[in-house]
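An overview of the molecular structure
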Amino acid sequence: MAQQKTADTFQLTPDGVARLKAERDRLLTARGTKSRDEEEEILVINRRLSEIQFILEHCRIIEPPRGGTRRVVKLGATVIVDHNGKDIEFTIVGTIEAD
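What this report covers is the structure whose coordinates are included nearby. Owing to the predicted nature of the structure, the values given are computational and were not obtained by experimental measurement.

This part covers the pattern of salt bridges. By the definition in use, this model includes 5 salt bridges. Here Glu 23 makes a salt bridge to Arg 48, at a shortest N to O gap of 2.9 Å. With Glu 23 in helix H1 (residues 14-33) and Arg 48 in helix H2 (residues 39-57), this pair connects stretches of sequence that are 25 residues apart. Overall, Arg 48 belongs to the partly exposed group, its relative accessible area being 24%. Here Glu 41 and Lys 34 are joined by a salt bridge, their closest N and O atoms 2.8 Å apart. The class of Lys 34 is partly exposed, set by a relative accessible area of 24%. Where salt bridges share partners, they join Glu 23, Arg 48 and Glu 51 into one cluster.

So this is what it looks like as structure tokens:
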């Protein structure tokens with residue numbers, strides 16, 4: 001991930017921030033269990049921890065839109081799509097959270 005971004009570059013939902021923090025905590029725990037013989041794995045973990053920290057330091061939390069028109073979908077909104085008679089729910093997120 002290029003880290004030449006400026007502040008407020010990343011837009012995350014509150015759930016996205018929580019997921020990144022949980023991943024950070026899991027990685028910190030995993031790093032603590034590695035031995036010196038696993039230097040390459042430690043480097044990979046450290047790289048991802050740096051990315052997560054950068055994102056968290058340079059993000060803006062987006063809240064779901066309140067009220068307003070139902071004809072416009074914005075970041076943070078949850079929409080329900082009818083697909084072959086089955087409702088599927090999606091939350092519109094920024095690029096960091098998209099999968």
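More follows now that the structure is in view.
One finds Phe 10, Leu 12, Val 17, Leu 20, Leu 27, Ile 45, Leu 49, Ile 52, Phe 54, Ile 55, Leu 56 and Cys 59 forming the largest nonpolar core, which totals 12 residues. Mapped by element, the contributors of at least two residues to this core are strand S1 (10-12), H1 and H2. Here this core gets 6 residues from one element, more than from any other, and that element is H2. Discounting chain neighbours no more than four positions away, the residues touching Leu 20 are Leu 12, Arg 48, Ile 52, Ile 55, Leu 56 and Ile 96.

Calculation notes
- Residues numbered from 1 in each chain as written.
- Predicted model: local features only at pLDDT ≥ 70, side-chain atom pairs only at ≥ 80, totals over all residues.
- Heavy atoms only, no water.
- Salt bridge = Lys/Arg side-chain N within 4 Å of Asp/Glu carboxyl O.
- Helix = DSSP H or I, 4+ residues; strand = E, 2+ residues; numbered from the N terminus.
- Buried < 20%, exposed > 50% of the residue type's maximum accessible area, 1.4 Å probe, protein only.
- Core = buried A, V, L, I, M, F, W, Y, C linked by side-chain atoms within 4.5 Å.
- Contact = heavy atoms within 4.5 Å.

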